[in-house]
Amino acid sequence: AESSLPMPDFKQSRVVKQWEHSSPLLACRFDPTGKWVFASAQDSSIQRFDLATGAKVGFAAHETWVHALAFSPDGEILYSGGYDGRLIFWPAASDAPQPLRTIEAHPGLSPWIRTVSVSPDGATIATGGNDGIVRLWNASDGSPVAALTGHQKNVYSTLFHPEGKLLISGDLAGVVHVWDLAEGKSIGTFDAKELHSYNGGQGVDYGGVRTLALSADRKYLAAGGLYKASNPLGAVNEPLILVFDWETREKKQSLVLAGINGIIWRACFHPEGFLIAGSGGSGGGHIGFWSPEQDKEQHKLTMPNIVRDLDLHPDGEQIATSHHDRIVRI
């Protein structure tokens, strides 16, 4: 995405706040009001941190790890998806939060929910997981709306198009589907198979589209994950983001955080056009910054610990990262 605005000095990026929990952290998201950052933890809880004071409130109802967090557009409802297959609705601002609704969203032998997204109008929730199905839910009453079938592997990421008529989803095999929600069918795919590896010796199916992001001008789609997985069980792989032209579906760029082992867990396009991504793995934790049309990162910020997730604040100034060392950093 081209921008006429000058790029920020990425090298000024630094940790300004951090708060610790008693368990290693997983996913993190700012709420739409920008007042809090929410982080899920390996103790199966979700923790809400007040950005002004650091005050912490716990949300506890899942029985396993939670790797998917999303919000209603007004920020009043938090949606969490867990490896227990449950989609839970929460009052995001409550001082003593209890579930508003619990849905056994992905039942079966492999119930894991890996991704939750909310439509721009807040009316529909999308979930995806290890059953390979993208499921749509009515936000007002939790009733099922549709089951989108077409993925052959685990679904790792979902993203509503800002116009609300399309949903994008990526899977373990590196297949990205674009779904027409009115028709309930796939209308095309992006080829992100570079993000998938199969290691026959180790018997490991590895990689996948871990994150999806659409540029503010809606011209480019980014899909992130890993490649060069020469030793998956030894965590030998490199972080990779593929950038596609939205209209032609052709790959425009391959963005690599050079020289480190890791996985791109989350990528976000800034409204001004540049791309931010968090990488974590055996090579440590990093945040990469890419200017538009540049294949090499403008800056690579080394973090004190493995990055497991990243989010961009509504103000466009703050970034949150969640870490294995139990700390969420701003």
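Scroll up for the structure.
Predicted model only: the values in this text are computed from it and were never measured.

**Student:** So what's going on with the sheet that holds strand 4 (residues 46-50)? Which residues, and what values?
**Tutor:** Strand order across the open sheet formed by four strands is 2-3-4-5, with antiparallel pairing between neighbours. Looking at the sheet topology across the chains shown, the edges are occupied by strand 2 (25-30) and strand 5 (56-59). Direction aside, the axes of adjacent strands within the sheet are offset by 25 degrees on average. Here strand 3 (residues 36-41) pairs with strand 4 via five bridges, running antiparallel.

**Student:** A description of the side chain of Ser45 should follow, citing residues and the corresponding values.
**Tutor:** With respect to the secondary-structure elements, Ser45 resides in the loop between strand 3 and strand 4. For Ser45, a relative accessible area of 8% corresponds to the buried category. A distance of 2.8 Å separates polar atoms of two side chains, one belonging to Ser45 and the other to Gln47. Once residues within four sequence positions are removed from consideration, Ser45 is found in contact with His21, Ala39, Ser40 and Phe59.

**Student:** Run through the sheet that holds strand 30 (residues 327-329), naming residues and quoting values.
**Tutor:** The four strands are arranged 1-30-29-28 in an open sheet whose pairing can be described as antiparallel. One side of each edge strand has no neighbouring strand; the edge strands of this open sheet are strand 1 (18-20) and strand 28 (307-312). With direction set aside, neighbouring strand axes in the sheet form an average angle of 15 degrees. As paired strands, strand 29 (residues 319-323) and strand 30 are joined by two bridges and run antiparallel to one another. Bridge pairing in strand 30 places Thr321 opposite Arg329.

**Student:** Which residues make up the pattern of salt bridges, and what values go with them?
**Tutor:** Scanning the model with the defined rule gives twelve salt bridges in all. Across the pair Arg48 and Asp95 runs a salt bridge, and its minimum N-O distance is 3.6 Å. Taken together, the positions of Arg48 in strand 4 and Asp95 in the loop between strand 8 (86-91) and strand 9 (101-104) put the pair 47 residues apart, joining distant regions of the chain. Under the relative-accessibility criterion, Asp95 is labelled exposed at 67%. With a closest N to O distance of 2.7 Å, Glu194 and Lys251 form a salt bridge. Of the two residues, Glu194 is situated in the loop between strand 17 (185-191) and strand 18 (196-199) and Lys251 in strand 23 (residues 251-256); the sequence distance between them amounts to 57 residues.

**Student:** Describe the layout of surface pockets, listing the residues and the values that go with them.
**Tutor:** Estimates place the volume of the second largest pocket at around 500 Å³. Those elements giving two or more residues to the lining of the second largest pocket turn out to be strand 26 (284-290), strand 27 (299-303) and strand 29. Classifying every residue of the lining of the second largest pocket gives 13 nonpolar, six polar and five charged.

**Student:** Give a detailed account of the environment of Gly82, specifying residues and quantitative values.
**Tutor:** Note on placement: Gly82 falls in strand 7 (residues 77-82). Residue classification places Gly82 among the buried residues on the basis of a relative accessible area of 0%. Separated by 172 residues in the primary sequence, Gly82 and Ser254 have C-alpha atoms spaced 31 Å apart. Dropping the residues within four chain positions of it, Gly82 is found in contact with His62, Thr64, Trp65, Val66, Pro111, Trp112 and Ile113.

**Student:** Hey, could you go over the packing of aromatic side chains for me, with residue numbers and the actual values?
**Tutor:** Applying the stated rule across the entire model yields eleven aromatic pairs. Each ring, one from Trp36 and one from Phe38, has its centre 6.3 Å from the other, and the planes form 80 degrees; the classification is edge-to-face. For the pair Trp36 and Phe38, a shared accessibility class is recorded, and that class is buried. Here the aromatic residues Trp36, Phe38, Phe59, Phe71 and Trp90 are joined through ring pairs into a cluster of three or more. Above the plane of the ring of Trp36 lies Arg48, whose end atom (NZ or CZ) is 4.6 Å from the centre. Here the basic side chain of Arg101 rests over the ring of Phe89, its NZ or CZ set 5.4 Å away from the ring centre.

About the thresholds
Residues numbered from 1 in each chain as written. Predicted model: local features only at pLDDT ≥ 70, side-chain atom pairs only at ≥ 80, totals over all residues. Heavy atoms only, no water. Pairing = 2+ DSSP bridges. Helix = DSSP H or I, 4+ residues; strand = E, 2+ residues; numbered from the N terminus. Axes fitted to C-alpha atoms, helices over the stretch in contact; angles between N-to-C directions. Buried < 20%, exposed > 50% of the residue type's maximum accessible area, 1.4 Å probe, protein only. Polar contact = N/O pair within 3.5 Å; in protein donor to acceptor, adjacent residues only side chain to side chain. Contact = heavy atoms within 4.5 Å. Salt bridge = Lys/Arg side-chain N within 4 Å of Asp/Glu carboxyl O. 1 Å grid on protein atoms, 1.4 Å probe; cavity = no way out; pocket = protein on both sides within 12 Å on 5 of 7 lines; lining within 4 Å. Points joined across faces, edges and corners; volume = space filled by probe spheres on them. Nonpolar A, V, L, I, M, F, W, Y, C, P; charged D, E, K, R; others polar. Phe/Tyr/Trp six-rings, centres within 6.5 Å; stacked < 30°, edge-to-face > 60°. Lys NZ or Arg CZ within 6 Å of the ring centre and 35° of its normal.

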